[in-house]
Amino acid sequence: MIRTEARPDQVTPPDPHRARPRHPGVDALRGLGVALMVAHHFLWDLDHFGLYPLPLEAPAWQAFARSVGSLFLFTSGLALAVSSSRFSRGTGGYRIAWRRSARRGMILLLWAGVISAVTRLVVPEAWVRFGILHLLGVVKIIAPATLPLGRGNLGIGVALYGLGLALALLPGRLSMPWVLMVGPDGAGLVMVDHYPLLPWSGAVWLGMGVGAALVRARERSWDRSATERDRPRPRVESGKFLRMRDAMAWLGRHSLVIYLLHQPVLWGLLRGLAAR
């Protein structure tokens, strides 16, 4: 399949008040995270119900679980930077991006509260006090403040990871309740899902920095092509690649619905099998 990219002078400036366009590449990356998340929870449920014991405490398994969560967080920052690039870089444009992101963050926090309430009933010994949805809700409200920094957000991301590591290495291990939200120790509590701001919010700012770099690279390529008289060069993409990308992008576009529904479905099915 052959696709051509429009030249900058052929593109109509977007209306910031209309629904923002989707970015298939970003959606596909988020969709990959969705697929890995479902696989992770399926295996976790198999072990939980005794259908197939797995070494869930092994370092390799923990690394896999955290990498899936980090991919979600990174993609959130990437999407924020890329989607906000359609607005003007003035204060008004960033204010629009902030309002949109904050509204989304409030919705995520509402659903995070639902997850906390449900897990309190289902797994009272390890209910979710501050999980990945709580973290995403908070950062979607505060992260747009640094959008004007562009690629400088990479430095913020690295610093947040560094602060999280320093906090984890403090002697005595912190046990105050606020550590649940801020630091990696979790006040010594067991939770089925725990993603404190430090260090995991660093993945969001890394995504914002990478997104800003990608947007800038695209703008530079457009600036160069605008001075050329030749036609846009076609980009050749195989049908198999596009089908795979579109399937992953569909998962990414419906990530919140899948996140909220997949575990109850898996839980019900595997609990039924375990009861036989």
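Residues numbered from 1 in each chain as written. Predicted model: local features only at pLDDT ≥ 70, side-chain atom pairs only at ≥ 80, totals over all residues. Heavy atoms only, no water.

**A closer look at the layout of surface pockets**
Thought 1: The calculated volume of the largest pocket comes to roughly 1,500 Å³.
Thought 2: If you go around the largest pocket, you meet 49 residues; those closest to its centre are Val-128, Met-191, Val-192, Asp-193 and His-194.
Thought 3: Mapped by element, the contributors of at least two residues to the lining of the largest pocket are α1 (24-48), α2 (59-84), α3 (91-122), α5 (153-168), α7 (197-200) and α10 (255-274).
Thought 4: Taken together, the residues that form the lining of the largest pocket break down as 32 nonpolar, 11 polar and 6 charged. (1 Å grid on protein atoms, 1.4 Å probe; cavity = no way out; pocket = protein on both sides within 12 Å on 5 of 7 lines; lining within 4 Å. Points joined across faces, edges and corners; volume = space filled by probe spheres on them. Helix = DSSP H or I, 4+ residues; strand = E, 2+ residues; numbered from the N terminus. Nonpolar A, V, L, I, M, F, W, Y, C, P; charged D, E, K, R; others polar.)

**Considering the side chain of Ser-84**
Thought 1: Relative to the elements of secondary structure, Ser-84 occurs in helix α2.
Thought 2: At a separation of 2.9 Å, a polar atom in the side chain of Ser-84 contacts the main-chain carbonyl oxygen of Leu-80.
Thought 3: Polar contacts involving the side chain of Ser-84 include one to the main-chain carbonyl oxygen of Ala-81, which spans 3.0 Å.
Thought 4: In this view, Ser-84 contacts Ala-97 and Leu-147; residues no more than four positions away in its chain are not counted. (Polar contact = N/O pair within 3.5 Å; in protein donor to acceptor, adjacent residues only side chain to side chain. Contact = heavy atoms within 4.5 Å.)

**Notes on empty space enclosed by the protein**
Regions of empty space are outlined by a rolling probe, equal in size to a water molecule, passed over the atoms.
Thought 1: Scanning the model with the defined rule gives 2 cavities of 30 Å³ or more in all.
Thought 2: Computed from the structure, the second largest cavity encloses a volume of approximately 40 Å³.
Thought 3: Lining the second largest cavity are Ser-76, Leu-80, Ser-101, Val-139, Lys-140, Ala-143 and Val-204.
Thought 4: Where the lining of the second largest cavity is concerned, the elements lending two or more residues are α2 and α4 (132-142).
Thought 5: Here the lining of the second largest cavity is built from residues that sort into 4 nonpolar, 2 polar and 1 charged.

**With respect to the packing of aromatic side chains**
Thought 1: What the rule picks out here adds up to 4 aromatic pairs.
Thought 2: Ring plane angle 55° and centroid distance 6.1 Å describe the contact between Trp-61 and Phe-64, whose orientation is recorded as tilted. Of this pair, Trp-61 and Phe-64 both sit in helix α2, 3 residues apart, which is roughly one turn of that helix.
Thought 3: Look at Phe-64 and you get partly exposed, because its relative accessible area is 28%.
Thought 4: Through a chain of ring-to-ring contacts, the aromatic side chains of Tyr-161, Tyr-195 and Trp-200 assemble into a single cluster.
Thought 5: When the ring centre of Tyr-195 is taken as origin, the NZ or CZ atom of Arg-66, which lies over that ring, is 4.4 Å away. (Phe/Tyr/Trp six-rings, centres within 6.5 Å; stacked < 30°, edge-to-face > 60°. Buried < 20%, exposed > 50% of the residue type's maximum accessible area, 1.4 Å probe, protein only. Lys NZ or Arg CZ within 6 Å of the ring centre and 35° of its normal.)

**Structural notes on the confidence of the model for the protein**
Thought 1: Summing up the model confidence of the protein, the mean pLDDT is 82 and the portion of residues at 70 or higher is 77%.
Thought 2: The lowest-confidence element of the protein is strand β1 (residues 2-3), averaging 42 in pLDDT; the highest-confidence one is α4, averaging 95.
Thought 3: Below a pLDDT of 50 lies the segment residues 1-19, which in the model reaches 37 contacts outside its immediate sequence neighbourhood of four places, other chains included.
Thought 4: Counting contacts from residues 228-232, a segment whose pLDDT is below 50, to residues more than four positions away or on other chains yields 5 contacts. (pLDDT = per-residue confidence, 0-100.)

**A few points about the side chain of Thr-119**
Thought 1: Mapped onto the secondary structure, Thr-119 falls in helix α3.
Thought 2: Once you skip the residues sitting within four places of it in the chain, Thr-119 turns out to touch Pro-124, Trp-127 and Val-128.

**Overview of the packing of α1 against α2**
A packed helix pair is summarised by two numbers, namely the angle formed by the two axes and the spacing between the axes.
Thought 1: Packing of α1 against α2 leaves a shortest axis separation of 9 Å and a crossing angle of 155°. On the basis of the axis angle, α1 is roughly antiparallel to α2. The hand of the α1/α2 crossing is left-handed. On α2, the residues touching Val-26, Leu-29, Arg-30, Leu-32, Gly-33, Val-34, Leu-36, Met-37, His-40, Leu-43 and Trp-44 of α1 are Trp-61, Phe-64, Ala-65, Val-68, Leu-71, Phe-72, Phe-74, Thr-75, Leu-78 and Ala-79.
Thought 2: When grouped by side-chain class, the residues that make up the contact of α1 with α2 number 17 nonpolar, 3 polar and 1 charged. (Axes fitted to C-alpha atoms, helices over the stretch in contact; angles between N-to-C directions. Parallel < 35°, antiparallel > 145°, perpendicular 65-115°, else oblique. Left-handed = near helix turned anticlockwise from the far one by under 90°.)

**Describing the nonpolar core**
Thought 1: By size, the foremost hydrophobic cluster in this structure holds 36 residues, and its most contacted members are Leu-73, Leu-133, Leu-135, Val-204, Trp-205 and Met-208.
Thought 2: Residue assignment for this core shows that the elements contributing at least two residues are α1, α2, α3, α4, α7, α8 (202-226), α9 (239-253) and α10.
Thought 3: Ranked by residues supplied to this core, first place goes to α4 with 6 residues.
Thought 4: Beyond its immediate stretch of four places on either side in the chain, Met-208 contacts Gly-77, Leu-78, Leu-80, Ala-81, Ala-143, Thr-146, Leu-147, Gly-150 and Asn-153. (Core = buried A, V, L, I, M, F, W, Y, C linked by side-chain atoms within 4.5 Å.)

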